[in-house]
Each structure stands twice: as structure tokens, then as C-alpha cells.
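Structural characterization, general
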Amino acid sequence: MDAATIQAMIENGLPGAQAQVSGDDGVHFEAEVIAAQFAGKLPLARHRLVYATLGDLMGGAIHALALKTLTPEEVAARR
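The protein is annotated in an unreviewed UniProt entry as BolA/IbaG family iron-sulfur metabolism protein from Dyella koreensis. According to the UniProt record, the Sequence similarities (unreviewed entry) comment for the protein reads "Belongs to the BolA/IbaG family."

1. Observations concerning the sheet that holds strand E2 (residues 28-34)
The three strands are arranged E1-E2-E3 in an open sheet whose pairing can be described as mixed. With partners counted over all chains shown, the strands left at the sheet margins are strand E1 (18-22) and strand E3 (64-70), one partner each. Adjacent strand axes in the sheet meet at a mean angle of 15°, parallel and antiparallel pairs treated alike. Where E1 lies against E2, five bridges are found, and the strand directions are antiparallel. In the strand pairing of E2, Ala19 is matched with Val33. Sheet strands in contact with helix H1 (residues 3-13) are E1 and E2, and its direction is about 160° off that of E1. The strands that helix H2 (residues 43-54) touches are E2 and E3; relative to E3, the one it contacts most, it runs at about 125°.

2. Focus on the pairing of E3
Sheet topology note: the E2/E3 ladder contains seven bridges and is parallel. When the bridges of E3 are listed, Glu30 appears paired with Ala66. The parallel pair E2 and E3, bridged by H2, forms a crossover whose chirality is right-handed.

Thresholds applied
Residues numbered from 1 in each chain as written. Predicted model: local features only at pLDDT ≥ 70, side-chain atom pairs only at ≥ 80, totals over all residues. Heavy atoms only, no water. UniProt positions renumbered as here; feature names shortened; annotations may be inferred. Pairing = 2+ DSSP bridges. Helix = DSSP H or I, 4+ residues; strand = E, 2+ residues; numbered from the N terminus. Axes fitted to C-alpha atoms, helices over the stretch in contact; angles between N-to-C directions. Contact = heavy atoms within 4.5 Å. Right-handed = clockwise from strand over helix to strand, strands pointing away.

Here it is, written out as C-alpha cells:
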């Protein structure tokens, strides 16, 4: 598994989302995902949305995925 594949899966599964994924060992990854779909959702619900885009790869080909999930408004407020 590679970061580019995970990024593409997340962005395809959450239309309009922007994902930045890193990870060099092929099983442990970190991702920052910005998506309007996260609005009004608690972190656990946001993470579940991302995990759903990856399906059975979670816990298999992807051993661990550390997530930072933000809405576009949250990103704008940080700037």
C-alpha cells in the first residue's frame, strides 16, 4: 500500500475532499483530510467516514492510519 493510493481512495470516497497522506513503511500512515461532509460531526464520526472510503484495507493492508479531520471552515479559521 502507498500514500498516493490511500489519498486517491479518500478523495474518491468523499467527493470534494482534499487529503494529504504520508507514510513510508507501507502499513502505517498519517492523513489530514479536509471535507465539507465533516461539518457538525464529532471526530469519531469524521474518522468513520474516512475509514469507510478505505473499506477492508483498514486493519489489513493499512495497519494504522492517524487522522486529522477538518472542515474547510475550520481550516480557514486557522489561517
